[in-house]
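Here's the letter readout for the chains.
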Amino acid sequence: MKNYKLYLSPQIERDLSEIVFYIRELGPYEANISKFFDGIYAAFEFL
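Scope of this entry: the structure provided in the associated data block. These numbers come from a predicted model, not from an experiment. (Residues numbered from 1 in each chain as written. Predicted model: local features only at pLDDT ≥ 70, side-chain atom pairs only at ≥ 80, totals over all residues. Heavy atoms only, no water.)

### Things to note about the packing of aromatic side chains
Then, in step 1: Tallied over the entire structure, the rule returns three aromatic pairs.
Then, in step 2: Seen in terms of ring centroids, phenylalanine 36 and phenylalanine 37 are 5.4 Å apart; in terms of plane orientation they differ by 70°. Their pairing is edge-to-face.
Then, in step 3: We classify phenylalanine 36 as partly exposed; its relative accessible area is 21%.
Then, in step 4: On the basis of relative accessibility, which here comes to 23%, the residue phenylalanine 37 falls in the partly exposed class.
Then, in step 5: Between phenylalanine 37 and tyrosine 41, the aromatic rings sit 6.1 Å apart at their centres with planes inclined by 25°, giving stacked as the arrangement. Within this pair, phenylalanine 37 and its partner tyrosine 41 are both found in helix 2 (residues 30-46), separated by four residues, close to a single helical turn.
Then, in step 6: By way of ring pairs, the aromatic residues Phe36, Phe37, Tyr41 and Phe44 are connected into one cluster. (Phe/Tyr/Trp six-rings, centres within 6.5 Å; stacked < 30°, edge-to-face > 60°. Buried < 20%, exposed > 50% of the residue type's maximum accessible area, 1.4 Å probe, protein only. Helix = DSSP H or I, 4+ residues; strand = E, 2+ residues; numbered from the N terminus.)

Structure below.
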């Protein structure tokens, strides 16, 4: 099996930053932000 490297476009990075900003505005949910990024990176690794 080949190894691939995934690169995030600037638009994806901006979108992720906006999502984190939105989650933070909802309140003190740092654990949710960590879970969100864990899920995103797990999905990237799956791809």
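Structure shown, so let's carry the discussion forward.
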